Amino acid sequence: MQPRSVGRDARAAVITTLAFVTAVALLPPGSYLALLLAWLLLTFAGALLGISPGHLARRGLVALPFVVAAVPIVFLRNDELLWAGNIGPLTLQISGAGLRIALTALLKAWISVQASVLLLVLASPPSIVTALRRMRLPDVIATSAGLTIRYLELLRDEARRMLRARTARSASPVGVGRERIGGTIAWRARTTGNLVGSLFLRAYSRAQRIEEAAASRGATGSLSVGTMPDADPRLTIKVIGVLALVLVLTLAGALLPRL
Amino acid sequence: MYPQLHIPDGFLSPQISLLLWVATAVLIGIAVRKTSRTDVQLIASQPILMGVLGAFIFAAQMFNFPVATGTSGHLLGGVLAGYLLGPWAGTIVMATVIGIQALLFQDGGLLVLGANIFNMGVIGTLGGSFVARGASTALGGSRSASIIGAGAAAWLAVVAAAGFTTLQLGLSGTTNVSIGLPAMLGVHALIGIGEALITVAALTFIAQTAPDILVGVSAPRKASPVRRLAIGVVIAGGVATLASLFASADPDGLEAVAEQLGFLDAGLSAPFELFPDYTIPGLDGTASTVVAGLLGMIVVIGVLMALGRLARSRTKS
């Protein structure tokens, strides 16, 4: 889908996303009703932009594997024991408090990812960089980020082709019948390192060419010249609306019953 | 075995997230000032090189190599970026890459972006680069010494990033440090080996194919023996601290099992043990662990100096 604000001031979208994510992070453990409210607001906004809740929900699953980090507290905390018993030689206990923390973290991560997916629907990557530059992101970082985004797909494509070439030449390193093809681990690491090295040389010579081309056109090493779109005239009103949203979510976290 | 170091939103408390945002902002601010008057002028326009190399780090993270079925090593690239661009510009590039991963690919959260940049960009690249330079100086300052130093720093950077991630999760109350830390350090000690091997191989490849590019980069410097010793002590101190975290957090799994099952006494003790159980006989608890750590450090420094002498004699001949 084409982002809405190509060449427009994306500051309002960036601020809204950051404020929403912060408000969600501030919710205390167990505030499932407030999280439900946050999710409803999000999916409503998504629906207005033409994104189905199912699609958003699936995109949100990226953060799921990280929940492994929160697994120990479910079993190691000693408060609000839900269950304790023996499984074979192991003595296990499940803590309600630990379970609540893990589940809240998981839901917060899931909702926050969906919020940043919506940001990309609202604003194109270059317009996000421009918005951040307007918000006083240092010029070196903004220019470097803009160029990284610009050349990302090009170099990823290059890397993909190099990987395909490696696969074609050395077959699969660990074969079907677990027979090993393609040398020792150190050999495989060196092959991979050589790929990284030659990708660097290609990137480096590309940087040189870009630099020459830019210099011959009178560039000064910054992308900030003449690329700023008009400022959003309704920015102040939008930011006030966003603050109201944060307030509502925080109040919901404080007032709605927690489980 | 993907190095899962990109923390998503919700797993760190807002206080910890904001604290690390401040720390990251200050350090990146210093980096921006430093790069505006950098000594590493590879090509005239620093931002263009940084931007394209940011895309390079991104793409290079796709390169993986299978270690065993279902397990693969791949690159984070922090120390590599620091070596090729200098510590400060490398840190900015890594911060940009981590930021773009969060914004465009939802790989890591937004409120916790400060923490992610701190762990992987600041600790990994800035810290890693200084460790690499220090190790290279301690090893005698030749080109191969600097590449070996970068390899060691790459390993340390991955392990340290994993350690910091776990500590932050622990402070936020979302993980149990006494279980999480040994697990994370253990897994990333393995992942770090992949990182170190790829970093060394990539730098060797570049040094052999295009030595002229590396001329301006991390130029070998001569340092007085005192200075080298001092740098060696600092690095060894860092390693000893990490190692003692390991040692204290996981009191030797096999030994614990053996103790429980009651056959510890049946086992033979080693023919000689320099520091049995990492303690010095006659000293108690913490004090003896510290003394043992210091003695271990002296041994590491001795090895470093010996290797440095070897490296120098190899360059002379």
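Refer to the structure above for everything that follows.
Just so we're clear, the structure is a prediction, and the values are computed from it rather than from any experiment.

> Residue-level account of helix 2 (residues 32–48) of chain A, with values.
Residue and element names in this part refer to chain A. Its 17 residues give helix 2 an end-to-end C-alpha distance of 24 Å, which sits within 8% of 24 Å, the value for a rise of 1.5 Å per residue. Among the residues making up helix 2, those that are buried are Ala34, Leu35, Ala38, Trp39, Leu42 and Gly46. Axial view of helix 2: buried residues confined to an arc of 140°, hence all on one face. Exposed residues lying more than 90 degrees from the buried face of helix 2 are Leu40, Phe44, Ala47 and Leu48.

> Can you tell me about the interface of chain A and chain B, naming the residues and giving the values?
For interface size, the figure often reported is the accessible area lost on association. Contacts between chain A and chain B engage 73 residues on the former and 67 residues on the latter. Take the side of chain A that touches chain B: its biggest share by element is 25 residues, from helix 8 (residues 185–216) of chain A. Its residues assigned to classes, the side of chain A that touches chain B shows 48 nonpolar, 17 polar and eight charged.

> Please give an account of the packing of helix 3 (residues 53–60) of chain A against helix 5 (residues 96–122) of chain A that cites residues and values.
Residue and element names in this part refer to chain A. At a minimum axis separation of 8 Å, helix 3 and helix 5 run at an interaxial angle of 115°. Classified by chirality, the crossing of helix 5 by helix 3 is right-handed. Where helix 3 approaches helix 5, its residues Leu56, Arg59 and Gly60 are matched on the opposing element by Trp110, Ile111, Val113, Gln114 and Val117. The residue inventory of the contact of helix 3 with helix 5, partitioned by class, reads five nonpolar, two polar and one charged.

> Can you explain the packing of helix 2 (residues 46–60) of chain B against helix 4 (residues 87–105) of chain B? Please cite residues and give values.
All names here are of chain B. Interhelical geometry of helix 2 versus helix 4 gives an angle of 50° and a closest axis separation of 9 Å. Overall, the two elements helix 2 and helix 4 adopt an arrangement that is oblique. Seen from above, helix 2 lies across helix 4 with right-handed handedness. Between helix 2 and helix 4, the contacting residues are Gln46, Met50, Leu53, Gly54, Ile57 and Phe58 on the first element and Ala89, Ile92, Val93, Met94, Thr96 and Val97 on the second.

About the cut-offs
- Residues numbered from 1 in each chain as written.
- Chains lettered and ligands numbered in written order.
- Predicted model: local features only at pLDDT ≥ 70, side-chain atom pairs only at ≥ 80, totals over all residues.
- Helix = DSSP H or I, 4+ residues; strand = E, 2+ residues; numbered from the N terminus.
- Expected span 1.5 Å × (residues − 1).
- Buried ≥ 20, exposed ≤ 12 C-beta atoms within 10 Å, placed from the backbone.
- Arc of directions from axis to C-beta.
- Contact = placed C-beta atoms within 7 Å.
- Nonpolar A, V, L, I, M, F, W, Y, C, P; charged D, E, K, R; others polar.
- Axes fitted to C-alpha atoms, helices over the stretch in contact; angles between N-to-C directions.
- Left-handed = near helix turned anticlockwise from the far one by under 90°.
- Parallel < 35°, antiparallel > 145°, perpendicular 65-115°, else oblique.

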